[in-house]
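Understanding the architecture of this molecule
The primary structure of each chain is shown beneath.
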Amino acid sequence: MIPKYFEFQSSAKILSGRHALENLPSELKNLGAKKPMILSDEILKKIGTLQIVTDALAAGGIREGAVYTRIPADSSLQVVRNIVKEYKKQECDSLVAVGGGSVIDTAKGVRMVLSQNVDDLLDIWGCENLSGVVRIPFAAIPTTSGTGSESTLVAVIKNEARRLKMEFISYYLQPDVAVLDVRMTRTLPPKTTASTGMDALCHAIEAYTCLQKNPISDAYALGAIRLITQNLEQAVKNGKDDRARLAMANASMMAGAAFSNSMVGVIHAIGHALGGVCHVPHGDAMTILLPHGMAFNYRVLKEQYGELLYFLAGEETCLNTPAEQRGKEAVRQVWQLRRKLHRICGLPERLRECGVRKSDFELVARTAMNDGAMIVNPREVSWEDVMFILNKAY
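Let me sum up the structure you'll find in this document. None of the values given here were measured: they were computed from a predicted structure.

So, how was this worked out
Residues numbered from 1 in each chain as written. Predicted model: local features only at pLDDT ≥ 70, side-chain atom pairs only at ≥ 80, totals over all residues. Heavy atoms only, no water. Axes fitted to C-alpha atoms, helices over the stretch in contact; angles between N-to-C directions. Helix = DSSP H or I, 4+ residues; strand = E, 2+ residues; numbered from the N terminus. Parallel < 35°, antiparallel > 145°, perpendicular 65-115°, else oblique. Contact = heavy atoms within 4.5 Å. Core = buried A, V, L, I, M, F, W, Y, C linked by side-chain atoms within 4.5 Å. Buried < 20%, exposed > 50% of the residue type's maximum accessible area, 1.4 Å probe, protein only. Salt bridge = Lys/Arg side-chain N within 4 Å of Asp/Glu carboxyl O. Pairing = 2+ DSSP bridges. Expected span 1.5 Å × (residues − 1). Bend = angle between axes of the 7 residues up to and from the residue. Polar contact = N/O pair within 3.5 Å; in protein donor to acceptor, adjacent residues only side chain to side chain. Lys, Arg positive; Asp, Glu negative; His and termini not counted.

What to know about the packing of helix 7 (residues 215-237) against helix 12 (residues 326-345)
It is at 10 Å that the axes of helix 7 and helix 12 come closest, and there the two elements cross at 10 degrees. As far as their axial angle goes, helix 12 and helix 7 are roughly parallel. Facing helix 7, whose interface residues are Leu 232, Glu 233, Val 236 and Lys 237, helix 12 presents Lys 340, Leu 341, Ile 344 and Cys 345.

Right under this line is the structure:
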């Protein structure tokens, strides 16, 4: 059904496939970038992934103005402040983010501060608080296939003082260019490949079922689900399978574009809270919570989950499942995929495996109830519901 009104935007130019990185210098030049600041992390620097990017830039006539790699797994307000100071000191004119969701979200935070002429992210915290003041060219090069941050209008940055993950939402957050190159994900360990892949699947499923869904976000979400279910297991088993890796990179990007425009729901709300309160890695939180969140929403999403079965399990399974049972079978397929990945690489299935304590549940539930993702969940969620889901996932 087409909504009476909706908006959709996915403005990043996608460079995907063989030699995608080698095409980045010309894109940066077209954007007027001459002295980019490269943002990444110490691990990618150590294993040589960052070097592949800087070599590609240099071959295309682009020399970095500065390189900052002290970005942790959960970036923070202070990290953004530090990078802004260095950017100004080195007189850079653009940003290139090489990394997973934390690195790319950090770059978005830096770009927000610089483009809005403010002193701190706290000055512009919220939804659609930005305007186009100063243009900062921005390219994102994801090294995981999960967050979809390279195509989203969302940034999540940790406020350590308040023990929460702050969400920023604006069309101004989308990168100008996103580069999907298999050289960036070949070294991703199996467990991380699985965790980030389940994160992308969660993005796509919530995008397809949340209240802001629309025909365009549906198309992106369904395409992402199909790519994930056909390629995630192979990417986990054989990280050097470039076909599977590229498929997962595109699926992550598509899922990111989908949920950016339709938003996510209860699964992400609780996942954000678990990250802020208990430091659970986001992909692990999504992996654990996805089937429980689907089970919670099932009473209002039976038909929509049924529509997903074809994309989750293929034509034969869909045709052999009675129409009234397809919703349940779709949820079962997600449980089954998670179980497979657990057997292959030890992907966590329970919150207790991630060090979460039941004594944390009340704070997690309170934090989750204040998360903006709750607003568009298709079923109304109470504090007691969150506690129920947490206990089921424990």
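Topic: the nonpolar core
The biggest cluster of nonpolar side chains holds 80 residues, and the ones touching the most others in it are Leu 201, Ile 205, Ile 270, Leu 274, Leu 290, Tyr 305 and Leu 351. Contributing elements (two or more residues each) for this core: helix 6 (190-209), helix 7, helix 8 (242-262), helix 9 (266-278), helix 10 (282-313), helix 12, helix 13 (361-369) and helix 14 (383-393). A per-element tally of this core places helix 10 first, with 13 residues. Those residues in contact with Leu 274, other than ones at most four positions away along the chain, are His 279, Val 280, Ala 285, Leu 289, Leu 351, Val 356, Val 364 and Leu 390.

Considerations on the pattern of salt bridges
Summed over the entire model, instances satisfying the criterion amount to 13 salt bridges. A salt bridge links Asp 242 to Arg 186, with the shortest nitrogen-to-oxygen separation between them at 2.8 Å. Of the two residues, Asp 242 is situated in helix 8 and Arg 186 in the loop between strand 9 (177-180) and helix 6; the sequence distance between them amounts to 56 residues. With relative accessibility at 30%, the residue Asp 242 sits in the partly exposed group. The residue Arg 357 makes a salt bridge to Asp 360 at a minimum N-O spacing of 3.3 Å. Its relative accessible area of 11% is what places Asp 360 among the buried residues. Beyond isolated ion pairs, a larger network of salt bridges with shared partners links Glu 22, Asp 181 and Arg 183.

Examining the sheet that holds strand 2 (residues 36-39)
On the basis of which strands lie adjacent, the open sheet formed by 6 strands has the order 1-9-6-4-2-3 and parallel pairing. Across the chains shown, the open sheet's two edge strands, defined by having one partner strand only, are strand 1 (13-16) and strand 3 (66-68). Adjacent strand axes in the sheet meet at a mean angle of 15 degrees, parallel and antiparallel pairs treated alike. Strands in contact with helix 8 are strand 1 and strand 9; relative to strand 9, the strand with the most contacts, it is inclined by about 155 degrees.

What to know about the pairing of strand 2
Residues Pro 36 and Ile 38 point to one face of strand 2 and Met 37 and Leu 39 to the other, with burial holding for every one of them. As paired strands, strand 2 and strand 4 (residues 94-99) are joined by 4 bridges and run parallel to one another. Among the inter-strand pairings, Pro 36 is bridged to a residue of strand 4, identified as Ser 94. Across 3 bridges, the pairing between strand 2 and strand 3 is parallel. Among the inter-strand pairings, Met 37 is bridged to a residue of strand 3, identified as Ala 66.

Remarks on helix 10
Between its first and last C-alpha, helix 10 extends only 25 Å over 32 residues, short of the 46 Å set by a 1.5 Å rise per residue. Within helix 10, the axis deviates most sharply at Val 300, by approximately 100 degrees. At the exit of helix 10 stands Gly 314, carrying a positive phi of roughly 95 degrees.

A look at the side chain of Asn 377
Within the secondary structure, Asn 377 sits in the loop between helix 13 and helix 14. Of note is the side chain of Asn 377, whose polar atom sits 3.0 Å from the backbone nitrogen of Val 266. Residue contacts for Asn 377: discarding those within four places in its chain leaves Glu 206, Leu 211, Gly 265, Val 266, Phe 296 and Asn 297.

Observations regarding the side chain of Asp 41
In this fold, Asp 41 is placed in the loop between strand 2 and helix 2 (42-47). One buried charged side chain, Asp 41, makes no salt bridge at all; its nearest oppositely charged neighbour is Lys 45, positioned 10 Å away. In this structure the side chain of Asp 41 is engaged in a polar contact, spanning 2.8 Å, whose partner is the backbone nitrogen of Leu 44. With sequence-adjacent residues up to four places away left out, Asp 41 is seen in contact with Thr 69, Ile 71, Val 98 and Val 103.

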